[in-house]
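# A closer look at the structure
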Amino acid sequence: MIVERVASTSPAAVLRAREAALADYDDEAQLDVSSAPGVIVDHVEIPARDGRTLAAVRATPPGQPRPGMVVFLHGGSYAAYAAASPWYVSLASRVAAAARRVVVAVEYRLAPADPLPAALDDASDALAFLLKDGDDAVLLGDSAGGGLAVAAALAWRDAAAAGRSPAVATERSPG
């Protein structure tokens, strides 16, 4: 954890102090981004409603996975990060190992290039495709992805898609 001392509590002073403290921070050196042992990670494509394809990372645990899957939506304020970043690939593999379920981490469109509801449309399209064969799912999201997971679950419920909804929607937020 980075702790800094600032002479002023004005927003500009706090921001300058934070930027200075983070100037030498290296994500790769600070975070363990290794995958869980035995988990197979590959990249897949999911068809979207408008003919595009959504990229996704699939993490398959060793042995026989339990039925159902975890659909993971990454954080980043709807404007940053990607499911294929080392941190999120590592997280997906660790969730797959712990849950003994396949985890599919979906790349959704980001703002400002694609403002809302683009991310919700992508999450809903991924959910519809992944659940089309009657599988159950747990929706999991990190930070903004948590809000997106809840919104996608509510949209799925409201649309009464095939009379089913995800088993659960949960969010994880640091701090």
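Here, every reference points to the structure presented above.
A brief look at the structure comes next. (Residues numbered from 1 in each chain as written. Predicted model: local features only at pLDDT ≥ 70, side-chain atom pairs only at ≥ 80, totals over all residues. Heavy atoms only, no water.)

Of all hydrophobic cores here, the largest spans 25 residues; its most connected members are Ile46, Val71, Leu73, Val104, Val106 and Leu139. Excluding residues within four positions of it along the chain, Val71 makes contact with Val104, Val106, Leu127, Leu130, Ala137, Val138, Leu139 and Leu140. In this structure, Val70, Tyr88, Val95 and Ala96 belong to the second largest nonpolar core, which totals 16 residues. (Core = buried A, V, L, I, M, F, W, Y, C linked by side-chain atoms within 4.5 Å. Buried < 20%, exposed > 50% of the residue type's maximum accessible area, 1.4 Å probe, protein only. Contact = heavy atoms within 4.5 Å.)

Time to look at helix H4 (residues 118-130). Helix length check: H4 (13 residues) gives 18 Å between terminal C-alpha atoms against 18 Å at 1.5 Å per residue, within 8%. Turning to H4, its buried residues are Ala118, Ala119, Asp122, Ala123, Ser124, Asp125, Ala126, Leu127 and Leu130. Residues of H4 that are buried sit in contact with strand E1 (40-47), strand E2 (53-60), strand E3 (69-73), strand E4 (102-106), strand E5 (137-142) and helix H5 (144-159). (Helix = DSSP H or I, 4+ residues; strand = E, 2+ residues; numbered from the N terminus. Expected span 1.5 Å × (residues − 1).)

Where two aromatic rings form a pair, the distance of their centres and the angle of their planes describe that pair. One pass over the structure, following the stated rule, counts 3 aromatic pairs. When the ring of Tyr81 is compared with that of Tyr88, the centres are 6.4 Å apart and the planes differ by 65°; the resulting orientation is edge-to-face. Under the relative-accessibility criterion, Tyr81 is labelled exposed at 54%. One aromatic cluster is present, formed by Phe72, Tyr81, Trp87 and Tyr88 through successive ring pairs. Sitting over the face of the ring of Phe129, Lys132 holds its NZ or CZ atom 4.8 Å from the ring centroid. (Phe/Tyr/Trp six-rings, centres within 6.5 Å; stacked < 30°, edge-to-face > 60°. Lys NZ or Arg CZ within 6 Å of the ring centre and 35° of its normal.)

The next subject is the side chain of Asp125. Note on placement: Asp125 falls in helix H4. If sequence neighbours within four positions are ignored, Asp125 has contacts with Pro47, Ala48, Arg49 and Leu54.

Turning our eyes to something else, we now look at the packing of H4 against H5. Where H4 contacts H5, the two axes come as close as 9 Å, and the packing angle between them is 60°. Relative to H5, H4 is oriented oblique. In terms of crossing hand, the pair formed by H4 and H5 is right-handed. Note on element contacts: H5 touches H4 through Leu148, Ala151, Ala152, Ala155 and Trp156, opposite Ala119, Leu120, Ala123, Ser124, Leu127 and Ala128. Along the lines of polarity and charge, the residues of the contact of H4 with H5 split into 10 nonpolar, 1 polar and no charged. (Axes fitted to C-alpha atoms, helices over the stretch in contact; angles between N-to-C directions. Parallel < 35°, antiparallel > 145°, perpendicular 65-115°, else oblique. Left-handed = near helix turned anticlockwise from the far one by under 90°. Nonpolar A, V, L, I, M, F, W, Y, C, P; charged D, E, K, R; others polar.)

The next point concerns the layout of surface pockets. Regions of empty space are outlined by a rolling probe, equal in size to a water molecule, passed over the atoms. In this structure, the second largest pocket spans a volume of roughly 160 Å³. Taken together, Val44, Glu45, Ile46, Arg58, Met69, Val104, Phe129, Leu130, Lys132, Asp133 and Asp135 form the lining of the second largest pocket. Contributions of two or more residues to the lining of the second largest pocket are made by E1 and H4. It is E1 that contributes the most residues to the lining of the second largest pocket, 3 residues altogether. The residue inventory of the lining of the second largest pocket, partitioned by class, reads 6 nonpolar, no polar and 5 charged. (1 Å grid on protein atoms, 1.4 Å probe; cavity = no way out; pocket = protein on both sides within 12 Å on 5 of 7 lines; lining within 4 Å. Points joined across faces, edges and corners; volume = space filled by probe spheres on them.)

With that settled, the discussion passes to the side chain of Glu107. Here Glu107 lies in the loop between E4 and H4. At 3.0 Å, the side chain of Glu107 and the backbone nitrogen of Ala83 are in polar contact. Those residues in contact with Glu107 that sit more than four places away from it in its chain are Leu54, Ala55, Ala56, His74, Ala82, Ala83 and Ala84. (Polar contact = N/O pair within 3.5 Å; in protein donor to acceptor, adjacent residues only side chain to side chain.)

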